[in-house]
Amino acid sequence: MLLEGLDPAQREAVTSEAQPLAILAPAGSGKTRVLTSRIAYRIATGAADGDHVLALTFTRRAASELVGRLHGLGVRDRLTVGTFHAVAQATLRNRWRDQGRVPPTLLTDRRSLLTGLAKEGRRGAPAALGPRGLAIVGQEIDWAAARLVRPDDYEVEATKAGRRLRVPVAQVADLYRGYEAAKKARRLMDFDDLLLRCAESIEWDREWCEVQRWRHRHLFVDEAQDLNPLQLRLLDAWRGGRPDLTLVGDPSQAIYGWNGADPRFLRDAAATVPGITTIRLDRSYRSSSEIVDAARAVLRAGGLPAPEVIGRPTPGPRPVVHTTDTATDEIARVVALLDDVRFRHGHWSGTAVLARTNALATRMADELERHGIPTRVRAGGSLADRASVRTWLKRARTDPPPGGLRAMLRDVDDDDELGEAARSYLADEAEPSVDGFTAWLGGATRGGTDAVDVMTFHAAKGLEWRTVVIVGVDDATVPSRGAVAAEPKAEEVRLLHVAVTRAVNELHLIWCRSAPEGPSSAKGRNRTVSLSPLLQPLLDEGLIVDHRAAEPAPPPVPPTVALRPRAGGADDLLAALQAWRRTAASAACVSEPAVLRDDALAAVARARPRSVADVAALAEVGPILARRWGDQLVVIVDAHPWNVPGSRGP
């Protein structure tokens, strides 16, 4: 049962006796199935004791999925499955309890501490930094801690890594130094301290080290391409040089270097773990061959290795590139594509619009909503990011009412969006918590269950959709011009690769020639851009195709709509079409050409189509816009007959 349905590479990965072992699993290759099957297989064959298995993940969602799948495979042992932070915190809590020590207070929000340090007169006053500046300092502290960089070494290491910040590195280093001193003085620990303190305790306390290594004998790490030096140090402390280790992941999906992750640990596994055996999965069960080939070509265009991957045998359409002239045209194209997908499939769900930045994703979601397309936002625009909601969450942590969080959630104003979210959360969660509600808010939806998902490339990782529309693929955005050093540049390549591999069968890539001129875009200044250099080679090779070539050729024009000299009345029809277009554009809050261009209206007035198919046959309109507007255009044509007695047309 455990091996049923596995392909040869998957079967080898599950049954291999090699230790240590690295399983390189490209997007859609069944990574989670292979990992859980390997754990279950080793337990079933006696090669591992389930009570001594430690499976480490990077998100609670991933940990929950692992537990569910293992239970489905019949595993009933007391495995330890969780994130690095959760397992480290539980381990330290048990240690402190056994020692009779009062644990330090966990610092869950460092903003107030950093603000206080700035007010004490350290380099850079709050006015110089502001909330955004302090947020950057916090992000840099996370990066430094993950990379095991101490405050005194931060300036050198940040410069070496090519960190480009809006805050001087000397200022960050000074606040980082003060932050560490303040934590020590106040007996505070942040989340990264949990990992470091746990690793140090294993390294320094021989007796406790033996207990830990006896408890965790069989180690498994999911998404190992996201390991950072701090996590690797803790993993090495638990392992103690023993060979029983399985790493699973995909170096081509390493996209968290900005937060301290280092893909070299998995990519160069032999250097990280001497004697390791590597097995590579070679099939994608998610994406068509056309999409897989395009995704591999993105890696090659960025100068990265592109291992062979076989896509699904069922052929699909080649990915399509759409070029537009302005941001308004870009929105119109996205709307037309989404309308077409819904027309063919009968619903909005199963479709995603992905963007490189939160700003673009938010703008796209707002524009789609204005056009009547329901959206679901999982990144950017989260309720949890609002200042009022953050204040509410802080009060829930520090001063909860007698009835706890559940009572607070029930007392939220019924008319408030937070109140609606609170009631939905309570309906889904039997044991509500502040952290759980915060995480839930981060995934709150703007639309119902039948909606288009709109999010960033980062947020899309681990997800998939039948149809994916990627916007903003110009050379100013993809790759980001802020990526200057070699590794950030490589990460931009992998990020686009991740976005492309979210598509199951249909992929559209959209860009416009006129892009905002950075922060000054609010003043209306734009610059001319080109197609992303990561995509131009694919277009040249024919792996992706221009939308004008991708659309089916219009059928022959029937004699009834052949273009002949007017018999009269065309001016009246054109005026009626223009009036209709003004009304449609006003209702959708877009420019009139975004509905139909002038040449398209003129073509309708000349040809006088009698059906939607006739509208689609017009080259100036095409099948996509015909599906959206065809019925209305035919009605207008019928209401304006030719001025020829007894005749409807020429």
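Here's what I pulled together on the structure shown here. (Residues numbered from 1 in each chain as written. Predicted model: local features only at pLDDT ≥ 70, side-chain atom pairs only at ≥ 80, totals over all residues. Heavy atoms only, no water.)

1. Digging into the sheet that holds strand S1 (residues 21-24)
- One open sheet holds the six strands; their spatial order is S3-S2-S6-S7-S1-S8, and the pairing between them is parallel. Single-partner strands in this sheet number two, and they are strand S3 (80-83) and strand S8 (277-280). Neighbouring strand axes in the sheet, compared pairwise and without regard to direction, differ in orientation by 15° on average.
- As paired strands, S1 and strand S7 (residues 245-249) are joined by four bridges and run parallel to one another. Bridging from a neighbouring strand, Leu24 pairs with Gly249 of S7. (Pairing = 2+ DSSP bridges. Helix = DSSP H or I, 4+ residues; strand = E, 2+ residues; numbered from the N terminus. Axes fitted to C-alpha atoms, helices over the stretch in contact; angles between N-to-C directions.)

2. With respect to helix H1 (residues 8-15)
- Those residues of H1 lying buried are Ala9, Gln10, Ala13 and Val14. Projected down its long axis, H1 shows its buried positions confined to an angular sector of 135°, all on one face.
- The secondary structure elements touched by the buried residues of H1 are S1, helix H2 (31-44), S8 and strand S9 (283-288).
- The N-cap of H1, judged by a side-chain oxygen 3.0 Å from the amide nitrogen of Ala9 a few residues on, is Asp7. (Buried < 20%, exposed > 50% of the residue type's maximum accessible area, 1.4 Å probe, protein only. Arc of directions from axis to C-beta. Contact = heavy atoms within 4.5 Å. Polar contact = N/O pair within 3.5 Å; in protein donor to acceptor, adjacent residues only side chain to side chain.)

3. Some remarks on the pattern of salt bridges
- All told, the structure shown has 36 salt bridges when counted by the stated rule.
- Across the pair Lys183 and Glu180 runs a salt bridge, and its minimum N-O distance is 3.2 Å. Note that Lys183 and Glu180 are positioned in helix H8 (residues 169-186) at a spacing of three residues, about one turn of the helix. As far as the burial class goes, Lys183 and Glu180 line up, both buried.
- Notably, a salt bridge pairs Asp193 with Lys183, separated by 2.6 Å at the nearest N-O pair. Here the residue Asp193 occupies a position in helix H9 (residues 191-204), and Lys183 occupies one in helix H8, the gap between them amounting to ten residues.
- Look at Asp193 and you get buried, because its relative accessible area is 16%. (Salt bridge = Lys/Arg side-chain N within 4 Å of Asp/Glu carboxyl O.)

Structural measurements only, silent on function.
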